[in-house]
Amino acid sequence: MAVEELQSIIKRCQILEEQDFKEEDFGLFQLAGQRCIEEGHIDQLLEIIQNEKNKVIIKNMGWNLIGPVVRCLLCKDKEDAKRKVCFLIFDLLVKLCNPKELLLGLLELIEEPSGKQISQSILLLLQPLQTVIQKVHNKAYSIGLALSTLWNQLSLLPVPYSKEQIQMDDYGLCQCCKALIEFTKPFVEEVIDNKENSLENEKLKDELLKFCFKSLKCPLLTAQFLEQSEEGGNDPFRYFASEIIGFLSAIGHPFPKMIFNHGRKKRTWNYLEFEEEEDKQLADSMASLAYLVFVQGIRIDQLPMVLSPLYLLQFNMGHIEVFLQRTEESVISKGLELLENSLLRIEDSSLLYQYLEIKSFLTVPQGLVKVMTLCPIETLRKKSLAMLQLYINKLDSQGKYTLFRCLLNTSNHSGVEAFIIQNIKNQIDMSLKRTHNNKWFTGPQLVSLLDLVLFLPEGAETDLLQNSDRIMASLNLLRYLVIKDNENDNQTGLWTELGNIENNFLKPLHIGLNMSKAHYEAEIKNSQEAQKSKDLCSITVGGEEIPNMPPEMQLKVLHSALFTFDLIESVLARVEELIEIKTKSTSEENIGIK
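Rules used throughout
- Residues numbered from 1 in each chain as written.
- Predicted model: local features only at pLDDT ≥ 70, side-chain atom pairs only at ≥ 80, totals over all residues.
- Heavy atoms only, no water.
- pLDDT = per-residue confidence, 0-100.
- Helix = DSSP H or I, 4+ residues; strand = E, 2+ residues; numbered from the N terminus.
- Salt bridge = Lys/Arg side-chain N within 4 Å of Asp/Glu carboxyl O.
- Buried < 20%, exposed > 50% of the residue type's maximum accessible area, 1.4 Å probe, protein only.
- Core = buried A, V, L, I, M, F, W, Y, C linked by side-chain atoms within 4.5 Å.
- Contact = heavy atoms within 4.5 Å.
- 1 Å grid on protein atoms, 1.4 Å probe; cavity = no way out; pocket = protein on both sides within 12 Å on 5 of 7 lines; lining within 4 Å.
- Points joined across faces, edges and corners; volume = space filled by probe spheres on them.
- Nonpolar A, V, L, I, M, F, W, Y, C, P; charged D, E, K, R; others polar.
- Expected span 1.5 Å × (residues − 1).
- Polar contact = N/O pair within 3.5 Å; in protein donor to acceptor, adjacent residues only side chain to side chain.

Going by what an unreviewed UniProt entry lists, the chain is known as Glomulin, FKBP associated protein and is assigned to Mandrillus leucophaeus.

Put into structure tokens, the structure is as follows:
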């Protein structure tokens, strides 16, 4: 029945001119053709399309059959023989139909699927799409539309993370990346071969450049790369990245020029559209490019070998900042790898303090602090801590001093502040062991820094439990200074500032400890009473109310807090004992001299 209907429509249209075809004819043709496929009359449909007399009709109306034919090809339930016939029909339609209408039809089919069907559709339609684009007149626009549609669909696919996921390629992203390179190559070669630099050729370059930038952002920004020792040349993302970077050079945008010009006031691109995108869209793409080149070593042989390590660090810091602002594990990890790669090229203590006047040289360590304190992934927190220490090691003395002041003022985290205070102690120790004192960690400059360390933010009312890491680090630093610096030498300036330290730190700490211990002892008493009555109750620890929990658990928490206070009190007592011994000894020496 469906075949007869289709033949009837064709018979009526055969006597008409192209311009006389009605919209109704298109709809009836599509409906009858679709029913032929659904009812299994595929061989008869092939004969109709192959008939030379129907050539004009197929040219104008055949594109309407693309959807039903493609859906038939994607249906795995179809018999192999029927699928083979469908492929023949598909090839004929691509060959005979109006390329403009066919292009739009194919792109609609690419946009339709979701999930795992996205890659199946793309892999089926890429080759026909390439053939159709070669036939259209406005090629640059068509390529841009096709690449944009393909990228939008691929960006919906999850990026495989582990080696096993990459090998399994469940969603077909890796296959699609390889196929997309083959799809794009002829158009890149066309740009290379066209020596006239016509407007159409420039527009084609423009569209290819946009596609390369988008690809650097997705999937390459989040993609993981196999270790080169185990990939055996089969890493799909490394291949994709290498080809994309190669495309950039081929269309007249060699990546060394691009990445070193990025962020400068000088225009990088020929078209205003790219200027507007730089701050918003290109930051991720350029950071991804820097990672691919400097960490993965992709096409790194194209870089000039005369670039100094300090120049490369300065160049990469902006990209590292972009990585650390993201929340994805793989992206943060890349930022840390790029930072490590850049810092390891530099000698310790060789990074001059003036570099901290560049915004990214302060925002990167602050970004590391955020990862250390907020990231839920332990490996990234530990890596960030190691990178912050490496960064500190590379700064000169004034740079270290400046960074310490900055982080003490901005970190708002007791553990981070304790880490900085330990670094300050290390720098003081190195200064005291040198023949010539380092002015940044001795004398007046150190006193100014100690003002940020040896004090309680809210005086006696400071939450000692929440600030315990910082307080312990401060006490240990003070104990070290008292032991290492004699009052008569006073290299650190400690002894002239001792009165202020006692008033701003030691005395308030004594009062705070007494208040805190009294509070927690009262809470323990309440919890013990609740345990007798076997009721649930809530308590306040570190300024925050703990949710209802069994009294046994509450007692553990409270005793742990008391243990922390006892530890602080023990170190505080030892510090005060050392101060008393040192001051008494110095007084006796002075009396003896007189």
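Quick look at the confidence of the model for the chain now. Detailed reading of the predicted coordinates is not advisable wherever pLDDT is low. Scored by pLDDT, the chain has a mean of 87; 85% of the residues are at 70 or more. At the level of individual helices and strands, the chain shows its lowest average pLDDT in strand 1 (residues 537–541), which scores 57, and its highest in helix 20 (residues 378–394), which scores 98.

To continue, consider the pattern of salt bridges. Counted under the stated rule, the structure contains 17 salt bridges. Glu328 is the partner of Arg326 in a salt bridge, and the nearest nitrogen-oxygen pair spans 2.7 Å. The partly exposed category is assigned to Arg326, whose relative accessible area is 24%. Taking the relative accessible area as the measure of exposure, Glu328 reaches 27% and is therefore partly exposed. Across the pair Lys383 and Glu340 runs a salt bridge, and its minimum N-O distance is 2.6 Å. Here Glu340 lies in helix 18 (residues 329–343) and Lys383 lies in helix 20, a separation of 43 residues in the sequence. For Lys383, a relative accessible area of 25% gives the class partly exposed. Taking the relative accessible area as the measure of exposure, Glu340 reaches 24% and is therefore partly exposed. Taken together, the shared-partner salt bridges in this structure form one network comprising Lys217, Asp284, Arg326 and Glu328.

Below, the discussion takes up the nonpolar core. One finds Leu129, Phe183, Phe294, Leu475 and Leu509 to be the most contacted residues of the largest nonpolar core, which totals 175 residues. The element contributing the most residues to this core is helix 26 (residues 551–593), with 11 residues. Excluding residues within four positions of it along the chain, Phe294 makes contact with Ile259, Phe260, Ile300, Leu303, Leu312, Phe315, Asn316, Leu338, Asn341 and Arg345.

So, about empty space enclosed by the protein. Tallying each qualifying case throughout the model produces 1 cavity of 30 Å³ or more. Reported here for the largest cavity is a volume of approximately 50 Å³. Along its surface, the largest cavity is lined by Trp151, Leu154, Ser155, Leu173, Cys177, Leu180, Ser215, Cys218, Pro219 and Phe240. Considering every element that reaches the lining of the largest cavity, the biggest residue donor is helix 11 (residues 173–193), with 3 residues. In the lining of the largest cavity, the residues fall into 8 nonpolar, 2 polar and no charged.

This brings us to helix 21 (residues 397–410). Here helix 21 is 14 residues long and its end C-alpha atoms lie 20 Å apart, about the 20 Å a rise of 1.5 Å per residue gives. Along helix 21, the residues classified as buried are Gly399, Lys400, Tyr401, Leu403, Phe404, Cys406, Leu407 and Leu408. Elements in contact with the buried residues of helix 21: helix 19 (359–374), helix 20, helix 22 (414–433) and helix 23 (443–453).

On to helix 14 (residues 236–250), then. Its 15 residues place the ends of helix 14 21 Å apart at the C-alpha level, agreeing with the 21 Å of an ideal helix rising 1.5 Å per residue. Taken as a whole, helix 14 has its buried residues at Pro236, Phe237, Arg238, Phe240, Ala241, Glu243, Ile244, Ile245, Gly246, Phe247 and Leu248. Two or three places before Phe237, at the start of helix 14, stands the capping residue Asp235, its side-chain oxygen 3.1 Å from that residue's backbone nitrogen.

Examined against the element boundaries, Ser285 turns out to sit in helix 16 (residues 272–294). Judged by relative accessible area, which is 2%, Ser285 ranks as buried. A polar contact of 2.7 Å, which involves the side chain of Ser285, links it to the backbone oxygen of Phe213. Dropping the residues within four chain positions of it, Ser285 is found in contact with Phe213, Leu216 and Lys217.

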